[in-house]
2 protein chains.
Amino acid sequence: MEKRKSIHPKFVEKFREYLKSNGFKLTSERKAILEQIFAYDDHFQAEDLLVRMRQDGYSVSRATIYRTLPLLAKSGLLTEVIDAQKHSHYEHIHALQQHAHLICLRCGKIIEFREPEINALQEAVCQTHKFRPMKYRNEILGYCFECQMDEI
Amino acid sequence: MEKRKSIHPKFVEKFREYLKSNGFKLTSERKAILEQIFAYDDHFQAEDLLVRMRQDGYSVSRATIYRTLPLLAKSGLLTEVIDAQKHSHYEHIHALQQHAHLICLRCGKIIEFREPEINALQEAVCQTHKFRPMKYRNEILGYCFECQMDEI
DNA sequence: TTTTTTGCAAATGGTTTGCATCCTT
DNA sequence: AAGGATGCAAACCATTTGCAAAAAA
């Protein structure tokens, strides 16, 4: 858990645009969730968000969180990461940069890394196959340095 | 569904070694599953395998299939691919080559592609982070050419 | 006022598991 | 023998969904 931060207006604007252009409405619940996901800089699961929001005094139901997270992902503000148990984790975008993840199978830690060359290659593959990419999954599951030390 | 094919002995040998070195036993059920996954060259889910095995006259329970698939994946003979619904799909290895996937969000089709440069870059990232990779996930979700034509 | 959204609680469904029995080694 | 494996059916549990009430446009 990290320090709370305020949200940049451009993110609110981006979400508002996404919703409007898809015939959805910007409700107070959606806005609260949006603000909350930018209030901290770590990875989280739907349930984490629920708990954190309740602690921070917001009142949003679990169902609404589960319904809103995919919207935020589709709007491009959130990135979904799937762990070894196939559970969804999320993180908000950092300055619109793509990045991938190393996921530790032992401690669950998620390490980010950036590799623009990989992104470029992936885009090239899509062009070759006339495939319209919506989402890139780039995850490496394995053991982080600390957990290797602890002997599996 | 494609034509049945027989399994190369080296795969049986590889699985046997994996099991032995981990204190597991090679049972007739595990061997039947191993043979079955190499009998066809397409992607499948646990349930598909169950149905197909029953059609082909094998008798293996759903539980055993669910317990065996991860063993085959860990032994390196199977690759797991996760679709948009977070369901596991599998495919047997083709001559030990790594490859990645384009997954259509509309028709569910899975297209394979090979991109050795991406693999090399991923390995480099692991080295940098002293991360011991066990499994690479390289999936691009989006729309295949045909489904783009059909207008989403 | 028309359409979407919310919250609740119940349902979902791929996957996992407890346990008695069976099979490998 | 001894320990792992199987099959069955029940349990899991993150996520989804039906529906009536509430809010946005």
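Before any of the text, the structure's been laid out above.
Residues numbered from 1 in each chain as written. Chains lettered and ligands numbered in written order. Predicted model: local features only at pLDDT ≥ 70, side-chain atom pairs only at ≥ 80, totals over all residues. Heavy atoms only, no water.

Asker: Even after reading the chapter, I still don't get the protein's contact with DNA strand C, so can you show me in this structure?
Answerer: Taken together, 22 residues sit near DNA strand C, with A:K25, A:R30, A:T64, A:R67 and A:K86 positioned nearest. Within 4 Å of the protein, the contacting atoms of DNA strand C are 69% sugar and phosphate, with bases supplying the remainder. Between a phosphate oxygen of DNA strand C and a side-chain N or O atom of A:S61, the distance comes to 2.8 Å. In the environment of DNA strand C, a base nitrogen lies 2.6 Å from a nitrogen or oxygen atom belonging to the side chain of A:R67. Elements with a contribution of two residues or more to the surface near DNA strand C: α2 (28–39) and α4 (62–74) of chain A together with α4 (62–74) of chain B. Tallied by class, residues from the surface near DNA strand C come to six nonpolar, eight polar and eight charged. (Near = heavy atom within 4 Å. Polar contact = N/O pair within 3.5 Å; in protein donor to acceptor, adjacent residues only side chain to side chain. Helix = DSSP H or I, 4+ residues; strand = E, 2+ residues; numbered from the N terminus. Nonpolar A, V, L, I, M, F, W, Y, C, P; charged D, E, K, R; others polar.)

Asker: Mind showing me how you'd approach the nonpolar core here?
Answerer: Counting 28 residues, the largest nonpolar core has A:L102, A:F113, A:F131, B:L102, B:F113 and B:F131 as the members making the most contacts within it. Listed by contribution, the elements that provide at least two residues to this core are β3 (100–104), β4 (110–113), α5 (116–128) and β5 (132–143) of chain A together with β3 (100–104), β4 (110–113), α5 (116–128) and β5 (132–143) of chain B. Once residues lying within four places of it in the same chain are set aside, the contact partners of B:F131 are A:L102, A:I103, A:C104, A:I111, A:I140, A:L141, A:G142, A:Y143, A:C144, A:Q148 and B:C126. (Core = buried A, V, L, I, M, F, W, Y, C linked by side-chain atoms within 4.5 Å. Buried < 20%, exposed > 50% of the residue type's maximum accessible area, 1.4 Å probe, protein only. Contact = heavy atoms within 4.5 Å.)

Asker: What am I meant to see in the interface of chain B and chain A here?
Answerer: It is common to give the size of an interface as the accessible area that goes away when the parts come together. Opposite the 39 residues of chain B that make contact, chain A presents 39 residues. Between chain B and chain A, roughly 3400 Å² of surface is buried when both sides are summed, and carbon and sulfur atoms account for 65% of that area. When the buried surface of chain B facing chain A is broken down by residue, B:K86, B:F131 and B:R137 rank first, second and third, together holding 22% of it. We note a salt bridge from A:E139 to B:R137, for which the minimum N-O separation is 2.5 Å. Linking chain B with chain A are 17 residue pairs in polar contact (both at pLDDT 80 or more), by the criterion used here. Contributions of two or more residues to the side of chain B that touches chain A are made by β3, β4, α5, β5 and α6 (145–149) of chain B. With twelve residues, β5(B) is the single largest residue contributor to the side of chain B that touches chain A. Residue composition of the side of chain B that touches chain A, grouped by class: 22 nonpolar, seven polar and ten charged. (Buried area = accessible area lost by both parts, 1.4 Å probe. Salt bridge = Lys/Arg side-chain N within 4 Å of Asp/Glu carboxyl O.)

Asker: What am I meant to see in the pattern of salt bridges here?
Answerer: Pairing between side chains of opposite charge can happen when their charged atoms approach one another. Residue and element names in this part refer to chain B. Taken as a whole and judged by the stated rule, the model has 13 salt bridges over all chains. When the shortest N-O distance is used, the salt bridge between R114 and E112 registers 4.0 Å. On the basis of relative accessible area, R114 is assigned to the partly exposed category, the value being 38%. E112 sits in the partly exposed class, given a relative accessible area of 25%.

Asker: Looking at this structure, how should I read the protein's contact with DNA strand D?
Answerer: As a matter of local geometry, DNA strand D sits amid 21 residues, with B:R30, B:S61, B:T64, B:R67 and B:K86 nearest to it. The share of sugar and phosphate among atoms of DNA strand D within 4 Å of the protein is 70%. With respect to DNA strand D, the side chain of B:K25 contributes an N or O atom lying 2.9 Å from a base nitrogen. Of all the elements in the fold, those that place two or more residues in the surface near DNA strand D are α4 of chain A together with α2 (28–37) and α4 of chain B. In terms of residue count, α4(A) provides more of the surface near DNA strand D than any other element does, four residues in total.

Asker: Before we go on, may I ask you to explain the sheet that holds β4(B) in this structure?
Answerer: Consider a sheet: its strands pair through backbone hydrogen bonds, and that pairing is either parallel or antiparallel. If you walk across this open sheet you meet the six strands as β4(A)-β3(A)-β5(A)-β5(B)-β3(B)-β4(B), and the pairing is mixed. Two strands bound the open sheet, and with one partner strand each, they are β4 of chain A together with β4 of chain B. Neighbour-to-neighbour, the strand axes of this sheet turn through a mean angle of 25°, independent of strand direction. Bridge count for β3(A) against β4(A) is four bridges, and the pairing is antiparallel. By the bridge assignment for β4(A), A:A100 is matched with A:F113. Lying on the sheet, α5(A) is in contact with β4 and β5 of chain A together with β3, β4 and β5 of chain B; it crosses β5(A) at an angle near 135°. (Pairing = 2+ DSSP bridges. Axes fitted to C-alpha atoms, helices over the stretch in contact; angles between N-to-C directions.)

So far we have only geometry, and geometry alone does not tell us how the molecule works.
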